[in-house]
Amino acid sequence: MSQRANDPMAAARPESGAPDYDVERIRRDFPILHQEVRGHPLVYLDNAATTQKPSPVIDAVKAYYERDNANIHRGVHTLSERATRAYEDARVKVQHFVNAADPGEIVFVRGATEAINLVAHSYGRTHIGAGDEIILTQMEHHSNIVPWQLLCEQTGARLKVVPVNDAGELLLEEFEKLLGPRTKLVAVSHMSNALGTINPVERIIAMAHAFHVPVLLDGAQAVSHLEVDVQRLDCDFYAFSGHKVYGPTGIGVLYAKRDLLDAMPPYQGGGDMISRVTFDETAYSKVPQKFEAGTPNIAGAVGLGAALDYVGGVGLARIQAYEQKVLAYACDAVGQAPGVRLVGTAGQRASVLSFVIEGVHPHDIGTILDSEGVAIRAGHHCAMPLMDRFGVPATARASFGIYNTCDEVDTLVKAMHKIKEIFG
Ligand SMILES: Cc1ncc(COP(=O)(O)O)c(C=O)c1O
């Protein structure tokens with residue numbers, strides 16, 4: 001039976017050049033898309049791993065190095081002042097993008113992984129001890145599992161895990177049972193990288209806060225597909241990576257509520273995070289500098305600022321509406337291909353289509369599709385516990401971004417016929 005018949009996400013094909021979303025214009029901004037791979041036009045469907053960069057981001061990084069490059073904060077010369085301004089302006093752009101109350105709540109880090117490690121080290125070691133519990137979910141990326149495991153090894157705390165149902169949705173009634181006086185932190189992905197599930201984070205936060213438990217959201221996937229308002233969500237920590245929201249690699253963000261950051265000890269020591277050092281003691285800078293030891297990725301921050309301007313210019317509400325239609329079209333088209341089973345069919349999901357084909361290893365799917373110019377990801381997606389839950393070692397994953405089209409979905413489906421030819 002057609003997936004469309006019972007898929008609530010199924011929708012009509014959004015045409016390129018639809019009145020309020022000019023995807024062809026957006027595509028023109030991404031130089032990398034206009035190339036051939038193995039003799040075919042590139043179809044890039046690996047956006048959950050990393051997104052491509054629009055010209056304004058590439059230009060901003062280039063202009064920074066051509067005009068403004070210097071070290072920041074302590075310089076009195078013009079270039080240092082310009083570089084400092086560019087870096088701090090980028091912080092304000094991030095603040096507005098996630099609607100934080102204050103730029104001091106935005107800490108620049110390398111990416112979501114470092115943001116979560118920072119919280120585990122600094123907040124975790126101060127507030128979490130033997131016998132305490134940290135609640136995660138079965139669908140977490142390894143980046144939101146391993147730092148907490150390390151903390152548990154060091155402190156004697158324990159992990160508790162919220163299970164998911166067969167559609168890949170969190171079982172909130174199980175979450176409720178896990179919450180209790182021993183719970184010291186809840187860490188949950190806003191959106192799953194392996195399934196695309198959008199978690200009901202408002203409810204999760206309200207439930208946790210009823211027990212006075214802070215919540216960390218791993219926003220690595222969500223931030224390029226959904227409008228994020230940290231004040232409305234009332235999350236305590238929000239982590240994301242620049243490279244998944246059309247910005248450079250090596251730059252990311254930890255948002256944390258100001259009072260939490262003020263009370264947290266530094267994560268790393270070094271230059272820029274101090275106000276005074278003697279051999280007897282050190283006084284630290286205020287937040288966010290207290291958490292930014294050493295020379296930061298200044299060009300990365302500038303590029304991230306440009307990426308957020310770009311995404312904001314298109315508008316996340318419009319991006320979300322368009323991407324939902326592409327995803328629905330893809331679920332329908334891929335789901336009907338012979339032998340295909342979709343993994344992850346949550347009612348609320350975005351831009352990720354995970355699937356397996358009976359009798360074909362996902363790596364073979366990935367390799368054959370690459371021979372047709374189609375880039376997808378095959379593997380465990382750094383979510384091995386979730387793969388175990390679904391009884392598969394790996395899936396093939398097509399993930400969509402701001403510039404993908406239904407024509408590209410058609411190319412994917414056509415390329416999938418080659419798999420059938422080879423494997424029968
Ligand atoms: C849900 C999720 N969390 C965390 C990460 C880690 O991001 P990064 O490797 O950029 O630190 C990823 C990356 O794929 C992810 O998808």
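Structure: see above.
Along each chain, residue indices are assigned from 1 in the same order as the chain's sequence is written. Two thresholds apply to this predicted model, a pLDDT of at least 70 for residue-level local features and 80 or more for giving and counting side-chain atom pairs, whereas whole-chain, interface and lining totals are computed over all residues. Neither water nor hydrogens contribute to the side-chain values; these are computed over all heavy atoms in the structure.

**Q** Teacher, can you tell me more about the site of the ligand here?
**A** Taken together, Gly111, Ala112, Thr113, His141, Ser143, Asn193, Asp218, Ala220, Gln221, Ser241, His243 and Lys244 form the complete shell of residues around the ligand. What qualifies as a polar contact is a pair of N or O atoms within 3.5 Å, subject to a donor-acceptor requirement within protein and to the restriction that residues adjacent in sequence count only when both atoms come from side chains. Contact distances for the ligand include 2.8 Å between an oxygen atom and a side-chain N or O atom of Gln221. The contact in question runs from an oxygen atom of the ligand to an N or O atom on the side chain of His243, over 2.7 Å. For the accessible areas, the method is Shrake-Rupley and the probe is 1.4 Å, while residue cover comes only from the protein chains on display. In isolation the ligand offers 400 Å² of accessible surface; the protein chains occlude 84% of this area. Whether a residue is near a molecule or strand is decided by its heavy atoms; if any one of them lies within 4 Å of it, the residue is near.

**Q** How should I be thinking about the packing of helix α4 (residues 78-98) against helix α11 (residues 298-314) in this particular structure?
**A** Packed helix pairs are characterised by how far apart their axes lie and by the angle those axes make with each other. To define axes, lines are fitted to C-alpha atoms, for helices over the stretch in contact only, and angles between the resulting N-to-C directions are given on a 0 to 180 degree scale. Each helix corresponds to a stretch of at least 4 residues labelled H or I by DSSP, and each strand to a stretch of at least 2 residues labelled E; elements are numbered beginning at the N terminus. Where α4 meets α11, the axes come as close as 8 Å, and the angle between the chain directions of the two elements is 40°. The angle between α4 and α11 falls in the class oblique. Helix-helix and strand crossings are classified by hand; for α4 and α11 the assignment is left-handed. Of α11, the residues touching α4 (which contributes Ala83, Ala86, Tyr87, Ala90, Lys93, Val94 and Phe97) are Ile298, Ala301, Val302, Leu304, Gly305, Leu308, Asp309 and Val311. Here the residues of the contact of α4 with α11 sort into 12 nonpolar, one polar and two charged. Should an angle fall under 35 degrees it is taken as roughly parallel, and over 145 as roughly antiparallel, whereas 65 to 115 is taken as roughly perpendicular and any remaining angle as oblique. Crossings are classed by handedness, with left-handed meaning an anticlockwise turn of the near helix from the far one by less than a right angle and right-handed meaning a clockwise turn. By definition, residues are in contact when any of their heavy atoms lie within 4.5 Å. In the scheme used here, Gly and all other residues not listed as nonpolar or charged are polar, with Ala, Val, Leu, Ile, Met, Phe, Trp, Tyr, Cys and Pro taken as nonpolar and Asp, Glu, Lys and Arg as charged.

**Q** Where do I start with the packing of helix α13 (residues 362-371) against helix α15 (residues 406-423) in this structure?
**A** Look at α13 against α15: their axes get within 9 Å of each other, and the N-to-C directions meet at 120°. One finds that α13 runs oblique with respect to α15. For α13 against α15, the interelement crossing comes out right-handed. Across the interface between the two elements, Asp364, Ile365, Ile368, Leu369 and Ser371 of α13 pack against Leu412, Ala415, Met416, Lys418, Ile419, Ile422 and Phe423 of α15. Here the residues of the contact of α13 with α15 sort into nine nonpolar, one polar and two charged.

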